[in-house]
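A look at the structure
So you can see what is in the structure, the chains are spelled out below.
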Amino acid sequence: MKIFKLIEEEKKYIILQVIFDLIGVSCLAVAPLIQKIFFDNTGKYEVGYIIRIIILYFLIHAVYIFSQYLCMIYAFKGGVIFEKDLKKKYFKSLFSRHDYEFRKKEIGDYISFQANDITALEQDYLQPFIDIIRSGNMFVVYSLVLFIGIDWRIALIIITTSIISISIPKILGGLLEKHRDIYQSELAKYVVKITDLLEGFRLINNRTINNIEKQHEKSLQEVAEKRYSFGKVKSFTLSLSLFLTKMVKVITFISIVVLFCQKEITIGTGVATLSYVSSLIDPIDNILYDITTMRSVRKIRDEYISFIKYKKDNKPKKDSFTEAISLKNVGYEYENFKLQNISFDIKVGKKYIIVGGNGTGKSTLLKLIAGYLKPQAGNILIDGKDINDVDHSDLISYIDQNDHIFKENIENNITVYNSYKYERQKYMGLSLKINQILNSTRSNCQKMSGGERQIISLLRAISKEGDILLMDEPFSAVDYERASILTNAITTNKIFKSKTVVMITHNISEENINKFDYKVKMIVGNVEVTKITSSEKLNSTSKV
């Protein structure tokens, strides 16, 4: 069963639930037998014997209550561990993906799945599965007691009608599952929508607020409609299940009346049978409900299992960069934009500046070099090896103008939670502004200015100690003077001396460009690579 693919650490808690439930149910099953014996022999017992029966009756229920208490404790414990384990595996699988694989879905889709769908697996799959086992315990125990201690004919009637009633949810489960999938899909769209609206919070003003509210309400209404549609199908399915369980009671009652009128059973047997019917109907009802509930999340279960099966490519790790990154006839196309036949080398230790107008493909080119996008044509080689065939993640540091900053203090942002070294003295020599940032005591760096956040991204890249630094307008939010100081540091400071730097910028002043070794000019899908001489004059230009 696929349920066993989801449970590992929770197994012992499930087993303990089942064991204690079996003990409790066995105790409770004896109670109607005591009733039968008492009613069939009314007036034949002494007071002392009656008192012992009452004490026994009390103890049976006390053991049952205590066993159910333990079941609930282990159910909570197992449920918490199950959900935690599922989310842990989900994020472990998510974090192992390549950037271009991760970007296939919206972030809101991932958030919705872990917040809604994984929780649904715990509530609507694991717990119903355990409840089916526990209901099965009750059904089997009470059936045995009915066969052995009451009347085999009544037991056969109850069991037969019960089994027939259980088969119905299998027929309707597919319809319910379909409507639940539609609802969950719409819910995921809603999460994406509100994420998008909240990220644009600063665009809310007197002129836009009504239309933004309408966008939210439209999405909310669509979710409500899909949920109501799902609720109608679920209500019909559960009502049909309820009807079937009640029919089991009716048929059993008719059987008791017939057998009693024929004097084939006693009053005590009739009373006990009615007690057992109620006790048998509950597990049947629960099984019907739980089967229907489990089927409704079957697609979520399969999607989760498929997701965590993902295995990251076991590529050989490349620890050093010694020669060059070579782009050979690289092509990439999306929407109305096309990069084609891009060929040039990025030599070790050299500093490259990429310039060009908006929409010429600068950022796309940098993402291709970083491995965030896969070339649709041609190859990118690093020291002669295809960049997609080696693990170069430790070699390359990538910064863009909106690099993510955690809601954490400076040290955690720079070191990514102590993954890299925090070398304060190394950073302080770059500029006075960096010293000021390092002295900040803020616990949430997202509240810093855009320029300060970009400087933190630079310090993070330094801490990573990668040989290659790729930068997409890294100082777009930094004032001109400080941006010039930082650019100068990147091209001359000893920290960056051996590093290979490729930086996109819109600062095309001659002073800025001549800080670099090479200029890469993007011209609508192609490039011109120019070597910059030490005399700050362009000696040679070659269109590649």
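The structure presented is a predicted model; accordingly, all values stated were derived computationally and were not measured. Numbers given for residues are sequential positions, taken from 1 along each chain in its written order. Totals for whole chains, interfaces and linings use every residue, but because this is a predicted model, local features are given only for residues with pLDDT of at least 70 and side-chain atom pairs only at 80 or more, for both listing and counting. Calculation of side-chain values draws on the structure's entire complement of heavy atoms; hydrogens and water are dropped beforehand.

Assigned secondary structure in the chain consists of 16 helices and 11 strands. With the principal axes as the frame, the chain shows a C-alpha extent of 120 × 55 × 45 Å. Relative accessibility under 20% of the residue-type maximum defines a buried residue, over 50% an exposed one, and the middle range a partly exposed one, all with a 1.4 Å probe and only protein chains included. Within the chain, the fraction of its 544 residues that count as buried is 47%. A separation of at least 24 residues holds for 76% of the contacts in the chain among residues at least 6 apart in sequence. Charged residues are defined here as Lys and Arg on the positive side and Asp and Glu on the negative side; His and the ends of the chain fall outside this count. Positions of charges follow a simple convention, taking NZ of Lys, CZ of Arg, CG of Asp or CD of Glu. Averaging the positions of the 74 positive and the 60 negative side-chain charges in the chain gives two centres separated by 1 Å. Numbering of helices and strands runs from the N terminus, with a helix taken as a DSSP run of H or I at least four residues long and a strand as a DSSP run of E at least two residues long. Here, two residues are considered to be in contact whenever any of their heavy atoms come within 4.5 Å of each other.

The salt bridge criterion pairs a side-chain nitrogen of Lys or Arg with a carboxyl oxygen of Asp or Glu, the two atoms within 4 Å. In this structure the tally under the stated criterion is 14 salt bridges. Among the salt bridges present, the one from Glu303 reaches Lys105, with a minimum N-O distance of 3.8 Å. Taken together, the positions of Glu303 in helix α9 (residues 298-308) and Lys105 in the loop between α3 (99-102) and α4 (107-150) put the pair 198 residues apart, joining distant regions of the chain. Taking the relative accessible area as the measure of exposure, Glu303 reaches 35% and is therefore partly exposed. Between Asp383 and Lys318 there is a salt bridge; the shortest N-O distance is 2.9 Å. With Asp383 in the loop between β4 (377-382) and β5 (385-386) and Lys318 in the loop between α9 and β1 (324-334), this pair connects stretches of sequence that are 65 residues apart. With relative accessibility at 13%, the residue Asp383 sits in the buried group.

Moving on, we get to the packing of α4 against α9. Axes here mean lines fitted to C-alpha atoms, for a helix over just the part in contact, with angles spanning 0 to 180 degrees between N-to-C directions. Where α4 contacts α9, the two axes come as close as 10 Å, and the packing angle between them is 120°. Considered as vectors, α4 and α9 are oriented oblique to each other. Once α4 is placed against α9, the crossing between them reads as left-handed. Residue-level inspection shows Tyr110, Phe113, Asp117, Ile118, Leu121 and Tyr125 of α4 in contact with α9, the latter providing Ile300, Arg301, Glu303, Tyr304 and Phe307. Tallied by class, residues from the contact of α4 with α9 come to eight nonpolar, no polar and three charged. Any angle from 65 to 115 degrees is called roughly perpendicular, while one under 35 is roughly parallel, one over 145 is roughly antiparallel, and all others are oblique. The handedness criterion is simple: a crossing whose near helix is rotated anticlockwise from the far helix by less than a right angle is left-handed, and one whose near helix is rotated clockwise is right-handed. For this classification, the nonpolar set comprises Ala, Val, Leu, Ile, Met, Phe, Trp, Tyr, Cys and Pro, the charged set comprises Asp, Glu, Lys and Arg, and every other residue, Gly included, is treated as polar.

This next bit is on the confidence of the model for the chain. Mean pLDDT for the chain: 84, with 93% of residues reaching 70 or above. Ignoring residues within four places in sequence, the model shows residues 536-544, a span with pLDDT below 50, making 20 contacts including any to other chains. As a per-residue measure, pLDDT tells how confident the predictor is, with possible values from 0 to 100.

Let us now look at a nonpolar patch on the surface. On the surface, Phe243, Met247, Val250, Ile251, Phe253, Ile254, Val257, Val258 and Leu274 cluster together into a nonpolar patch covering about 730 Å² of accessible area. Among the elements that make up the nonpolar patch, the one with the highest residue count is helix α7 (residues 209-261) (eight residues). Following the sequence through the fold, Phe253 ends up in helix α7. Surface patches are defined over residues having more than 30% relative accessible area and no salt bridge, joining like charges when they lie within 9 Å and nonpolar side chains (Val, Leu, Ile, Met, Phe, Trp, Tyr) when within 5 Å. Where accessible areas are quoted, they stem from the Shrake-Rupley method and a 1.4 Å probe; at the residue level, only the protein chains shown are allowed to cover.

In this section: the sheet that holds β1. Reading across from one edge, β2-β1-β4-β5 is the order of the four strands in this open sheet, with antiparallel pairing throughout. Each of the sheet's edge strands pairs with one partner strand only, and the pair in question is β2 (337-347) and β5. Only strands joined by at least two bridges in the DSSP assignment are considered to pair. Looking at chain direction, β1 and β4 are connected through five bridges and run antiparallel. Following the sheet pairing, Leu327 is matched in β4 by Ile380.

Further remarks concern the environment of Lys407. Turning to its location among the elements, Lys407 is positioned in the loop between β6 (396-400) and α11 (410-415). Classification of Lys407 by relative accessible area gives exposed; the value is 61%. The spacing of Lys407 and Ile387 is 20 residues in sequence and 33 Å in space, taken between C-alpha atoms. Among all residues touching Lys407, those that are not within four sequence positions of it are Ser443, Asn444 and Gln446.

In this structure, Asn418 takes a positive phi of about 70° despite not being glycine. Along the chain, Asn418 turns up in the loop between α11 and α12 (424-428). The class of Asn418 is exposed, set by a relative accessible area of 56%.

Attention shifts here to the pairing of β6. Burial within β6 is extensive, with four of its five residues counted as buried. As paired strands, β6 and strand β7 (residues 468-472) are joined by five bridges and run parallel to one another. Across the sheet, residue Ile399 finds its bridge partner in β7, namely Met471.

Within the secondary structure, Asp131 is located in helix α4. Taking the relative accessible area as the measure of exposure, Asp131 reaches 23% and is therefore partly exposed. Along the primary structure Asp131 and Asp290 are separated by 159 residues, whereas in three dimensions their C-alpha atoms are 7.3 Å apart.

Attention now moves to the packing of helix α2 (residues 47-95) against α9. Axis separation between α2 and α9 bottoms out at 9 Å; the angle between their running directions is 50°. In terms of orientation, α2 and α9 fall into the oblique class. For the element pair α2 and α9, the recorded crossing hand is left-handed. From α2, Asp85, Leu86, Lys89, Tyr90, Ser93 and Leu94 reach across to α9, where they touch Tyr304, Phe307 and Ile308. Residues of the contact of α2 with α9, tallied by class, amount to six nonpolar, one polar and two charged.

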